[in-house]
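One-letter residues, chain by chain:
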Amino acid sequence: MDNLKNAISVEAVVKATGKTWDTWFAWIDAQNGIDKTHKQIVELIKKSGNIDPWWQQSITVEYEKARGLRKMHEMPDGFQISKNKTITADASALFQAWVDETLRKTWLDDPAFTIRKSTAPKTLRITWVDGRSDVNVSFYPKNNKTQVSINHGKLRDESSAADMKAYWSRQLEQLSKLFS
């Protein structure tokens, strides 16, 4: 379990389920979990006792990672990454930097995306320029600053996820410079 980045702590899983990661993994192994689908493993955990659905999913995902059945950032519909940056700017101004096409071209390398839904100045749901992946952007005001949170999903592979994580890091830095 120690080699998993961003894994849920042993203390948290014990508090919620009464079992350690090692105990869960050994139990799932004993049920031939290595040969089961994600849904089948979730069902095993569900039948094992009164385990919250969120924990059923979390235990399954951590098991899949530990056994090499799932790669980092892998989701059922592709790969997903997130990136956050707190910028000294008002949420409304940052939101505008995303929705105003002319302004967006000044800081974003790929400005020709499609906004599917927006709730000013809180969230954007975007179809990315590749026409396949989704970008969700959220704005969280904090005094005179705003945290911009990007979640980019449905990426085709691990390499694309790594590339987009680096891309969003650079782009958020560019956005920050727009307001400095």
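Throughout what follows, the structure given in this document is the object of discussion. Owing to the predicted nature of the structure, the values given are computational and were not obtained by experimental measurement. (Residues numbered from 1 in each chain as written. Predicted model: local features only at pLDDT ≥ 70, side-chain atom pairs only at ≥ 80, totals over all residues. Heavy atoms only, no water.)

**Thoughts on the pairing of strand β2 (residues 78-87)**
Here is the rule we go by: Only when DSSP finds a minimum of two bridges between them are two strands counted as paired. In this description a helix means any DSSP run of H or I spanning at least four residues, a strand means any run of E spanning at least two, and both kinds are numbered starting from the N terminus.
Sheet topology places strand β1 (residues 74-75) next to β2; 2 bridges connect them, and they run antiparallel. Within β2, the position partnered with E74 by the bridge is F79. Linking two consecutive strands that pair antiparallel, namely β1 and β2, is a turn of 2 residues.

**Digging into the pairing of strand β5 (residues 134-142)**
Strand direction decides the pairing type here: strand β4 (residues 123-127) and β5, joined by 5 bridges, are antiparallel. Its bridge partner lying in β5, I126 is registered against V135. Hairpin connection of β4 to β5: 6 residues between the antiparallel strands, including G131 at a positive phi of 75 degrees. Across 9 bridges, β5 lies against strand β6 (residues 145-155) in antiparallel orientation.

**Some remarks on the layout of surface pockets**
Selection rule: Using only the protein atoms, space was sampled on a 1 Å grid; points where a 1.4 Å probe fits but cannot get out form cavities, open sets with protein on both sides within 12 Å along at least five of seven lines form pockets, and lining residues are those with an atom within 4 Å of a point. Grid points are joined across faces, edges and corners, and a volume is the space filled by probe spheres set on the points. Three classes are used, and their members are as follows: Ala, Val, Leu, Ile, Met, Phe, Trp, Tyr, Cys and Pro are nonpolar, Asp, Glu, Lys and Arg are charged, and the others, Gly among them, are polar.
Within this model, the second largest pocket holds a volume of roughly 160 Å³. Lining of the second largest pocket is provided by W128, D130, R132, K154, L155, R156, S160, D163 and M164. Elements that contribute at least two residues to the lining of the second largest pocket include exactly β6 and α7 (158-178). Per-element tally for the lining of the second largest pocket: the top contributor is α7, with 3 residues. Here the residues of the lining of the second largest pocket sort into 3 nonpolar, 1 polar and 5 charged.

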